[in-house]
Amino acid sequence: MIFPGSNCDYDTLYVLKEVLNQDAIFLWHKEHDLKNVDCVILPGGFSYGDYLRSGSIAAFSPLMQEVKDFALSGGLVLGICNGFQVLLELGLLPGAMLRNKNLKFLCQFVHLRVDNEATPFTNKAKKGQVLKIPIAHYDGNFFSPPDTIQEIMANNQIVLRYSDARGQLSEEANVNGSLESIAGLINSAGNIMGMMPHPERASEALLGSEDGRIIFESIIKGLG
Amino acid sequence: MIDRKILEEHNLTPDEYEKIVELIGKEPNITELGIFSLMWSEHCSYKSSKVHLKHLPVDGKNVIQGPGENAGIIDIGDGLAAVFKIESHNHPSFIEPYQGAATGVGGILRDIFTMGARPIVLQDSLRFGPLSSAKNKSVMEGVVSGISGYGNSIGIPTVGGDVYFNDCYSLNPLVNVFALGIVKKDRIFYAKAEGTGNPVLYVGAKTGRDGIHGATMASAEFGEDLEQKRPNVQVGDPFMEKLLLEACLEVTAKDLIVGIQDMGAAGLTCSTTEMASKSGTGIEIDLDRVPQREEGMTPYEMMLSESQERMLIVAKKDKVQEVREIFLKWDLDAVIIGQVTEGGRLKVSFEGKTVVDIPVKAVIDLCPVYEREIEVPSYLESATQLEPFPQPENFNQAFLKLLSSPTIAEKEWVRRQYDHMVQVNTAFSAGADASVIRIKDTNKALAVTLDGNSLYAYLDPETGGKIAVAEACRNLACVGARPIGVTNCLNFGNPEKPEIMWQFQETIKGIAQACRTFGIPVTGGNVSFYNDTEGISIYPTPVLGIVGMVDDMKQITGPAFKEGGDILILLGENKNELGASEYVKTIHQKEKGIPPQIDLEEEKRIQDFCLEIISLGLVESAHDVSEGGLACCLAESSFLSDKKTGLSVNLRDGIRSDAVLFGETQSRIVITSKNQNHQKILDLAENKQVKAAIIGKTGRDRIVISHGETKLIDIPVDEALKAWRNAIPEIFSIK
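Because the structure is predicted, anything quoted here is derived from the model rather than measured.

Basis of the calculations
- Residues numbered from 1 in each chain as written.
- Chains lettered and ligands numbered in written order.
- Predicted model: local features only at pLDDT ≥ 70, side-chain atom pairs only at ≥ 80, totals over all residues.
- Helix = DSSP H or I, 4+ residues; strand = E, 2+ residues; numbered from the N terminus.
- Rg over C-alpha atoms; globule rule 2.2 N^0.38 Å.
- Contact = placed C-beta atoms within 7 Å.
- Buried ≥ 20, exposed ≤ 12 C-beta atoms within 10 Å, placed from the backbone.
- Arc of directions from axis to C-beta.
- Axes fitted to C-alpha atoms, helices over the stretch in contact; angles between N-to-C directions.
- Parallel < 35°, antiparallel > 145°, perpendicular 65-115°, else oblique.
- Left-handed = near helix turned anticlockwise from the far one by under 90°.
- Pairing = 2+ DSSP bridges.
- Nonpolar A, V, L, I, M, F, W, Y, C, P; charged D, E, K, R; others polar.

**Student:** Before we go on, may I ask you to explain the overall build of chain B in this structure?
**Tutor:** When you go through chain B residue by residue, the secondary structure sums to 26 helices and 28 strands. At 26 Å, chain B has a C-alpha radius of gyration in line with the 27 Å of a compact globule built from 735 residues. Once the C-alpha set of chain B is aligned to its principal axes, its extents read approximately 85 × 55 × 50 Å. By sequence separation, contacts in chain B at least 24 residues apart represent 84% of the contacts at least 6 residues apart.

This is how it looks when you write it as structure tokens:
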């Protein structure tokens, strides 16, 4: 899906089509048609310049009504980076993003531990597996009120956590300061996921890692 | 009435004013005067540099567009071309670091996509004063945030560049921004205004009062009043530019327009006059139709505004509707404000009255050209004398101190604020000798590097110019790329000072010689004069942006050691050259001496050889020896390796030990090879008359370097790495 200001739209399409040989198309934010897709991906970028608040204006795009209906009826929706922020703004996922703890934009490879492998987005990973995937964001410091985070934990909704290369959690590995080191989160129904790291940037060896493919390959596997 | 005071405010001399009157056959009104003041400013007209710039080689068989357009263009095969340019945004970045740097990024990107190319690379060359000063720190923080804020949002990867620190930049930091885009060869657009009656469209952001006189400001020295110039700095909106980029590329993908030009420095004035001048036509526009952000703007303000994210398009008469629909899709203004005319005049109307009526030729082609006075600087004699100094008692300590000097220390603090991965093409960004960006749908990659050591240029500008080119090309050779084109940003002091003009002339001489030796054309660039504040000029700072081609992606080679037990080979030789080195500056607090000398032919042989052995698959890693000398070069290859592989090196050159370790002798590359390949490399080297010698081995977890029988450096990799890695973050950490 393309919002004005999306900038990982081409990257995601490229990986799906050229690297993974999937049938993928762009959806334009002003339209009202999901064109029968099996899965909607909200890409990274700076939708509407991230003015007002990251992802807040994109949540009101015309096509988002259809995306919301699709998601609430069980359709697969993945929000990457800015797409995650949009899902939070829509209320499809719980919580909110604060500015990174060092108050700077961060673009770097991080390690992620798969804490929940029983999702449509991680079914090809093993529990505890560590993935090397980059982040690139200003506002990725996940936060929620105490009762919400308790619910998230109780429902096993944390899918990916910032960790070190061996899968250990630490303040140092939690680069942006996220509550519970949350990097990827799923809704309780298990069909809507948001993640700050960019799997499309880690899908070719040339770019330093192929670990991101596991996210897309999981979706493909689930869809049969 | 135009009086002397008004002329001074417009940075025009009485002689220039007389010439204007003669050329247009009347006394100009204030708006017309404003137009001349912009277009005849040093920034827009190159009036002091033109006579020297013509010495640069600009031809080559792959050159599609040389200097004179928005950017240079080089044919890269597969029906594609690379469009690239570097530009300075020094003056605004000192007054208002965040916006100055941000709009620098915005401006250079428009230069690229106005030609129909999608930008795929940004790089920056930054120069700041020492970080011991709070002011310099805040300028650096602001500049880096500005670049990050703009580049990240618009989604073009900022892949490195360089950062140097020197006192001379305390009152005059440099922000040079490079951008490169890719275009299909048959879809290149130029700043043309052809076809009488074709409509002139204004697209993009609305016009406000920001940036009035920006180009004039960039063409004068700063005094104590510089804080008052803050309103002259434009404000950037990367989201608007992203929309403009997508809309323009959609328009240029189809046959809808005749020409397109961005409104950067000098805004509407520059775009209208340049487009008409290039086509020998005229343009008339009606300012009442210009989308405006503020009320009550005068014609003077509208013509001189440098509001960002705007473009001027000359559309085909019957395609206007289609063009407007594309801009509407992206929620952008696209308004017909005038048309192309015959007769070569710029006519501007406002509220039904003609407010500007002048010949375009007078504004563009007949601008005065100056052959400024030249004089050898008086500082040279004493500055090139380096008094004797002792060698360090403890080489380990000197080594650590050098690794943590900000010019040499790791710049990850800067790099990770830039999105250097978006567009999924980045094979290498900062850290490597050059950044490497793959070209999708081909087996090729482009390599890009920026380089320029101003202390060398200060002490010997001709050599400094040569080395800037040679080192940039050497960086390319290390990643496996051959140079294909050059853009340069020449940052100097006040050209009305004869000593500055001497520095300029000599630097160009050096750059021209080196470009001829390497057979690479200069396709454009930018001159930034008047980098003086309160009478102090910066060191002459040529920044060379050189683009290279990797023909086969498999050849991409990095600076990081691969495995322990690999053989370390030095191409080139160590000499007793310590003048102008980072070592002498950091350890002995002297910015003096004769900089390293360079034999361009030898340099070329070594680079060609490096490329050859890389293409034969004999090289595991390659890294160029530059600031900090051989010791820092070796250490960096260790720091960048996955396993932090150490090294053990023994050198036997009969020269001073500090020169062996830290001297900055040119034409040196350190490579590693597998044990079974090293003899092949040495044999080939002998054959090609390239000096090559085994100096040691990689392995273990210590950095050990001996000279003859003496162990000079013996230190754990981790300890050295800490000094290198933590230096800059510690300076910026909040205590």
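**Student:** Just to check I follow, could you spell out helix α13 (residues 320-329) of chain B for this structure?
**Tutor:** The α-helix winds at 3.6 residues per turn, so residues separated by three or four positions along the chain end up facing the same way. All names here are of chain B. For α13, the set of buried residues is V323, I326 and F327. Buried residues along α13 cover an arc of 95 degrees about the axis, so they all sit on one side. Counted as exposed and oriented over 90 degrees from the buried face of α13: Q321, E325 and L328. Elements in contact with the buried residues of α13: β7 (199-204), α10 (238-252), β8 (257-262), β10 (310-315) and β11 (333-341). Two residues or fewer past α13, D331 is found with a positive phi of approximately 60 degrees.

**Student:** Explanation requested: the packing of helix α20 (residues 498-518) of chain B against helix α22 (residues 600-615) of chain B in the structure shown.
**Tutor:** In a packed pair of helices, the relevant descriptors are the angle between the two axes and the axis-to-axis distance. All names here are of chain B. One can describe the packing of α20 onto α22 by two numbers: an axis separation of 10 Å at closest approach and a directional angle of 40 degrees. What the angle tells us is that α20 and α22 run oblique. Pair α20 / α22 crosses with right-handed handedness. Contact residues: α20 offers Q513, A514, T517 and F518, while α22 offers L600, E601 and K604.

**Student:** Please explain the sheet that holds strand β27 (residues 702-707) of chain B as it appears in this structure.
**Tutor:** Residues and elements named next belong to chain B. Taken in spatial order, the 7 strands of this open sheet run β23-β25-β22-β26-β24-β27-β28, and their pairing is mixed. Of all the strands in the sheet, just β23 (621-624) and β28 (710-716) have a single pairing partner and so form its edges. On average, each strand axis in the sheet is inclined to that of its neighbour by 20 degrees, with strand direction left out of account. Where β27 and β28 come together, 6 bridges link them in antiparallel fashion.

**Student:** Mind showing me how you'd approach the environment of V77 of chain A here?
**Tutor:** Residue and element names in this part refer to chain A. The topology assignment puts V77 in strand β2 (residues 76-80). On a C-alpha basis, the gap between V77 and K132 in space is 22 Å, while along the polypeptide they are 55 residues apart. Dropping the residues within four chain positions of it, V77 is found in contact with V40, V67, A71, N191 and I192.

**Student:** I tried to follow the interface of chain A and chain B on my own but got confused; where do I start?
**Tutor:** How big an interface is tends to be stated in terms of accessible area lost as the parts join. Tallying the contact residues gives 23 residues for chain A and 24 residues for chain B. When residues of the side of chain A that touches chain B are traced back to their parent elements, those giving at least two are α1 (9-19), β4 (106-114) and β5 (130-137) of chain A. Per-class residue counts for the side of chain A that touches chain B are 14 nonpolar, 5 polar and 4 charged.

What is shown is where atoms sit, not what they do.
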